[in-house]
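# Structural overview
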Amino acid sequence: MRLKSLEILGFKSFANKTIFSFPANVTAIVGPNGSGKSNVVDAIRWVLGERDLKSLRVGRSDEIIFGGTPNRSRMSLAQVSIVLDNSEGKLPVDFKEIVVTRKVNRDSEAEYLINQSNVRLKDVVELLAKAKVGNQGLTIINQGSADAILKASPRERRSMIEESLGLRE
Ligand code: ATP
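Described below are features of the structure shown in this document. (Residues numbered from 1 in each chain as written. Predicted model: local features only at pLDDT ≥ 70, side-chain atom pairs only at ≥ 80, totals over all residues. Heavy atoms only, no water.)

Our next topic: the site of the ligand. Around the ligand, a shell composed of 15 residues is seen, among which Gly34, Ser38, Asn39, Glu63 and Gly67 lie nearest. At a separation of 3.0 Å, an oxygen atom of the ligand approaches a polar backbone atom of glycine 36. One nitrogen or oxygen atom from the side chain of lysine 37 is found 2.9 Å from an oxygen atom belonging to the ligand. When the free accessible area of the ligand is taken as 650 Å², the share hidden by the protein chains comes to 66%. Of the residues that constitute the shell around the ligand, the class distribution is three nonpolar, eight polar and four charged. (Near = heavy atom within 4 Å. Polar contact = N/O pair within 3.5 Å; in protein donor to acceptor, adjacent residues only side chain to side chain. Areas by Shrake-Rupley, 256 points an atom, 1.4 Å probe, with all protein chains shown as cover. Nonpolar A, V, L, I, M, F, W, Y, C, P; charged D, E, K, R; others polar.)

A separate point is the pairing of strand S4 (residues 97–105). Bridging between strand S3 (residues 77–85) and S4 involves nine bridges; their strand directions are antiparallel. Pairing of isoleucine 82 across the sheet is with valine 100, part of S4. Note: S4 against strand S5 (residues 111–114), four bridges, orientation antiparallel. Residue pairing in the sheet places arginine 102 in a bridge with tyrosine 112 of S5. In textbook terms, the turn of a hairpin is the stretch between consecutive antiparallel strands, and for S4 and S5 this stretch comprises five residues. (Pairing = 2+ DSSP bridges. Helix = DSSP H or I, 4+ residues; strand = E, 2+ residues; numbered from the N terminus.)

Now for helix H1 (residues 37–47). Every α-helix winds through 3.6 residues per turn, so residues three or four apart in the chain are directed the same way. The buried fraction of H1 amounts to eight of the 11 residues, a majority that puts the element mostly inside the structure. Taken as a whole, H1 has its buried residues at Asn39, Val40, Asp42, Ala43, Ile44, Arg45, Trp46 and Val47. In this fold, the buried residues of H1 make contact with strand S1 (2–9), strand S2 (18–21), S3, S4 and helix H2 (121–130). Note on H1: the residue one or two positions beyond its end, glycine 49, has a positive phi of about 110 degrees. (Buried < 20%, exposed > 50% of the residue type's maximum accessible area, 1.4 Å probe, protein only. Contact = heavy atoms within 4.5 Å.)

Bringing the packing of aromatic side chains into the picture now. Inspection of the entire model under this criterion finds three aromatic pairs. Look at phenylalanine 11 and tryptophan 46: their rings are 5.4 Å apart centre to centre, the planes differ by 45 degrees, and that puts the pair in the tilted class. Here phenylalanine 11, found in the loop between S1 and S2, pairs with tryptophan 46, found in helix H1; they are 35 residues apart in sequence, far enough to count as distant. Judged on exposure class, the residue phenylalanine 11 and its partner tryptophan 46 are both buried. With a centroid separation of 6.4 Å and an interplanar angle of 10 degrees, the aromatic rings of phenylalanine 20 and phenylalanine 22 are classed as stacked. Accessibility classification places phenylalanine 20 together with phenylalanine 22 in one group, the buried group. (Phe/Tyr/Trp six-rings, centres within 6.5 Å; stacked < 30°, edge-to-face > 60°.)

All right, on to the pairing of S5 then. Two elements, S5 and strand S6 (residues 117–119), share three bridges in a ladder whose sense is antiparallel. Of the residues in S6, the one forming a bridge with isoleucine 114 is serine 117. Between S5 and S6, which pair antiparallel one after the other, the connecting turn spans two residues, and asparagine 115 there sits at a positive phi close to 45 degrees.

Quick look at the structure:
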């Protein structure tokens, strides 16, 4: 299933609404050190339901919200949407395009939406599991973790294989 686009607002360094369109396969995003390349990956991880702070490279959950700069005040809302192409019907829903959104305010619980309808995290995880996408397997390979599958314990390896086979559900 193809990643069509990613929309980020108020997440980490993305104070301005930023839309990444992926009309074709993308090999790399390049930019100077510290320019926010890994924050793009963090945004994908977060919208897919990641709750582990270490994986998101923060110490506290509110650190994922834009924290301000000397010229710009901090924001209270972080929102990320990922648009997946379902034109081949790989996911058993009647939508050609699936938009998963996660948003959080500094003073409220996170909200999840699938195609604009409020859902539970469980619904997002279950839907993505059908597409063999998740946070336990090899959907995202972190910088420095290319050897993760070699280093994994039998339990972790089982989890990766189950996710890749679409068995997590
Ligand atoms: P490198 O090439 O060094 O790996 P990178 O391009 O991947 O860097 P990131 O790690 O994605 O960069 O981004 C780091 C930047 O994001 C830093 O400038 C940091 O201050 C900024 N940043 C992270 N969280 C926030 C936040 N909550 N609010 C504002 N800026 C943030």
